[in-house]
Amino acid sequence: MAHGAGGKATRRLVDGLFVPLLYSAVPDSLGDAARVDIDGTSVAITTDSFVVTPLSFPGGSIGELAVNGTVNDLAVSGATAVALVVSFILEAGLPTDVLETEVRAMANAARAAGVHIVAGDTKVVEHGKADRMYIATTGIGRRIPGLDLGPSRVRPGDRIIVSGPIGDHGMTILLARGELDLEADLRSDTRPVLGMVTALADAAGPALRWMRDPTRGGVATTLNELAIDCGLALHVSEAAIPVRDAVRGACELLGLDPLHIANEGQFLAIVAPEKADAALAAIQATAGGEAACIIGDVRTEPAAAVLVTTGYGGGRIVDMLVGDPLPRIC
Amino acid sequence: MKFVDEFRDPEVITRTADEIRSLADPGRHYRLMEVCGGHTHAIYRFGLKDVLPPNIELIHGPGCPVCVLPMGRIDDGLALGRDPNVIFTAFGDMMRVPGAHGSPLERKANGMDVRIVYSPTDALKLARANPDKHVMFFAIGFETTAPSTALTLKRAKAEGIRNFSVFCNHVTIIPAIRAILDSPDMRLDAFIGPGHVSTVIGCRPYEWIARDQGRPIVVSGFEPLDMLQSIVMLLRQLKQGVAIVENQYKRVVPWEGNRAALAAMAEVFELRPFFEWRGLGFISQSALRIRDTYAEWDAERQFQVPGVRVTDPKAAQCGEVLKGVLKPVQCKLFGRECTPERPVGALMVSSEGSCAAYYNYEHRKAASTRLEPATV
């Protein structure tokens, strides 16, 4: 199970098996989308599958996630989603109204994100061989001109920006399962981030170095991957990280770190210091980006690590998520 | 967040750290043991070592229930879970703890019905919902969790629920502290007393530590300010040359403990003559077993328990780390063969285990220097 949780085991699986056997050319880093050149035209392509349980939860459902997740993977890779193809794997006996609800949710999400669903496939497996329904989406996108993103472009002194409060999605799913007898007024943050990304790209231009959406494994895992890829230290100020009280409270009770909790509608960006304020202002001026903030900066030590600093001169290394506190959240 | 933010206020924390620096004699080395794994976790989680002067050394104690559980007990519990009619339930902390033949999580991946519960009453709920299955709760913990197991057993008996049992691994804190103090290679100046255990047992059971052993002990809360304030209280005692039991965690811990919880424990449990502790060996009267009156719900009596004994891998130095003789990083396996993903010893599994805490939060950090906050 840990191999699917987005943390260390996932990384080992990808680096140890998938990359050596499947990639024709070893990429210098594994971003959220690949670049493919077709007859001189460069496009971005990505794929994602969704196995969340429960299928619907406060603030969203699997259908919405399947569209937004892939649209967002393209967005943080610097591309505007143009078309999606979708595969359904359905468990025999799934009520048709559940399926219809999810298909409608996908249609609405696609409309909101300005992307077309152009092809699809359906498989039905025997009852008991799948958990109600799984959805896989593949997206193709037009690259936003003038952007050059990647860990190799990150420099000491750069600032770390997060688009809004973290942990809403993962904590919502955990509570929606009803196993904890905990209730909180929380909603998943699933939404397209393209509007915010476009505003950021316009404002920062080439000063925008890198972007990712911190989904499984949370902000800590995504930042650790960046730290390893660029070999630098990412210093994050604990007091600056936006976390809703309900998420913080639930994390305190459950012994979890909000930095390890999944998000669906947020992204992290690294921006050169001279453009950081303008970049932040541009995100904040976009609908949904009001709570964006700068949470830290890039330094050289400790190399290839994420360090969270407290207001009183203490600090702790925050590692990638190990294992899986919340199975199947997307 | 109320009752949390007040105890993490940077200004007050900085002031308290200054007070510690002014109280600590620069010519003296202080070795303070935090007994409880929750404190170990908090020390790393909040970066408290960074704000303490270098001559105050914090030694991690035996108060992590997962860490002190011998491997054989896990294998015993899992052996019972192999019965396809049994649902094996345990707290999440147990799931990645390796027995000699894999962890509960690995067994689950291979098809065993293993479920995480957040309370033993959830396991009882599962038994009610699955009358054709037998639900076994693998109970661990000190006096902190033992009362909830006791109350669950009382409820099972009152409701006549027969398809439920407890595999009892509850241990008690006082004999472990005694074993630490009796250890010849142990030199400790004072104790940061366990907070959660003390909500149940109160502060009185620690009096012998101060009276007979001459060691100050302060029962402490788990927020950064709680812990720093407890260190201030210990340093004051050491400076004045006195040794008493003090209660820093008054907002939660009553001096006399929780009588109702103690009564429930006394009704359901009795002391085992001896029990094996990982790293500390056999300690007499250090663990609880289920009384005869509850024998029908005692997994050890309802099933054939293999009684496995597994010695720890030779190279692992869990015992020395557990007693505070070695620091986690001084173990030969630390960070190489033994990591939180592939733990060899239990100290690397639980987030309260000193090795996991050290690995997760500390080991790549540069030597303890005051950290400039990140620029935002």
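Quick notes on the rules
- In every chain, residue numbers begin from 1 and rise along the written sequence.
- Labels are handed out in written order, letters beginning with A for the chains and numbers beginning with 1 for the ligands.
- It should be noted that, the model being predicted, local features are given only for residues of pLDDT at least 70 and side-chain atom pairs only at 80 or more, the latter also being counted only at that level, while totals for whole chains, interfaces and linings use all residues.
- Numbered from the N terminus, helices here are DSSP runs of H or I no shorter than four residues, and strands are runs of E no shorter than two.
- The globule rule is 2.2 Å times the number of residues to the power 0.38, and the radius of gyration it is compared with is taken over C-alpha atoms.
- We call a residue exposed when 12 or fewer other C-beta atoms sit within 10 Å of its C-beta, buried when the count reaches 20 or more, and partly exposed for counts in between; the C-beta positions come from the backbone.
- A strand pair is defined by DSSP finding two or more bridges across the two strands.
- In this analysis an axis means a line fitted to C-alpha atoms, helices contributing only their contacting stretch, and an angle means the value between N-to-C directions, from 0 to 180 degrees.
- Note on contacts: each residue gets a C-beta atom placed from the backbone, and two residues are in contact if those atoms are within 7 Å.
- The classification used treats Ala, Val, Leu, Ile, Met, Phe, Trp, Tyr, Cys and Pro as nonpolar, Asp, Glu, Lys and Arg as charged, and all other residues, Gly among them, as polar.
- For classification purposes, an angle smaller than 35 degrees is called roughly parallel, one larger than 145 roughly antiparallel, one from 65 to 115 roughly perpendicular, and anything else oblique.
- Handedness of each helix crossing follows the sense of rotation of the near helix against the far helix: counterclockwise by less than a right angle gives left-handed, clockwise gives right-handed.
- Where a domain begins and ends is set by an automatic assignment or by a domain database.

Our next topic: the overall build of chain B. Per the secondary structure count, chain B includes 15 helices and 13 strands. Against the 2.2 N^0.38 benchmark of 21 Å for 376 residues, chain B shows a C-alpha radius of gyration of 21 Å, consistent with a compact globule. Principal axes of the C-alpha set define a box for chain B whose edges measure 65 × 45 × 45 Å. Considering chain B as a whole, with its 376 residues, one finds that 52% of them fall into the buried category.

Turning to the sheet that holds strand 12 (residues 293–299) of chain A, a few remarks are in order. Residues and elements named next belong to chain A. In spatial order, the strands read 9-11-8-12-10-13-14; together these seven strands make up an open sheet with mixed pairing. With partners counted over all chains shown, the strands left at the sheet margins are strand 9 (208–212) and strand 14 (315–317), one partner each. Each neighbouring strand pair of the sheet contributes to a mean axis angle of 25°, computed without reference to strand direction. Examined bridge by bridge, strand 10 (residues 233–237) and strand 13 (residues 305–309) share five bridges and lie parallel to one another. If you follow Ser237 over to strand 13, its bridge partner there is Thr309.

Taken together, the contact between chain B and chain A spans 31 residues of the former and 33 residues of the latter. Listing elements by their share of the side of chain B that touches chain A, those giving two or more residues are helix 1 (10–23), helix 2 (37–45) and helix 15 (354–361) of chain B. Take the side of chain B that touches chain A: its biggest share by element is four residues, from helix 1 of chain B. Grouping the constituent residues of the side of chain B that touches chain A by class yields 18 nonpolar, five polar and eight charged.

All names here are of chain A. Close contact between helix 2 (residues 62–76) and helix 3 (residues 96–113) brings their axes to 7 Å; oriented N to C, the two are set at 30°. Overall, the two elements helix 2 and helix 3 adopt an arrangement that is roughly parallel. Note on packing geometry: the crossing formed by helix 2 with helix 3 is right-handed. Residues Ile62, Gly63, Glu64, Ala66, Val67, Asn68 and Val71 of helix 2 form the contact with helix 3, whose participating residues are Glu102, Val103, Ala105, Met106, Ala109, Ala110 and Ala113. The residue makeup of the contact of helix 2 with helix 3, split by class, is ten nonpolar, two polar and two charged.

Let us now look at the environment of Thr14 of chain B. Mapped onto the elements, Thr14 of chain B comes out in helix 1. When the C-alpha positions of Thr14 of chain B and Leu225 of chain B are compared, they lie 9.4 Å apart, and in sequence the two are 211 residues distant.

Residues and elements named next belong to chain A. Geometrically, the link from Thr53 to Pro54 is a cis peptide bond, its omega value of 0° lying close to zero. Tracing the backbone shows Pro54 in the loop between strand 2 (41–50) and strand 3 (56–57). Here the bond from Glu301 into Pro302 is cis, since omega is -5°, no more than 30 degrees from zero. Even without glycine at this site, Arg132 takes up a positive phi of about 65°.

Take the domain arrangement of chain A next. All names here are of chain A. As far as domains go, chain A holds domain 1 (26–143) and domain 2 (151–317). Computed over C-alpha atoms only, the centres of domain 1 and domain 2 are separated by 23 Å. Contacts between domain 1 and domain 2 engage 21 residues on the former and 22 residues on the latter. A total of nine residues in the side of domain 1 that touches domain 2 trace back to one element, the largest contributor, which is helix 2. Residue composition of the side of domain 1 that touches domain 2, grouped by class: ten nonpolar, seven polar and four charged.

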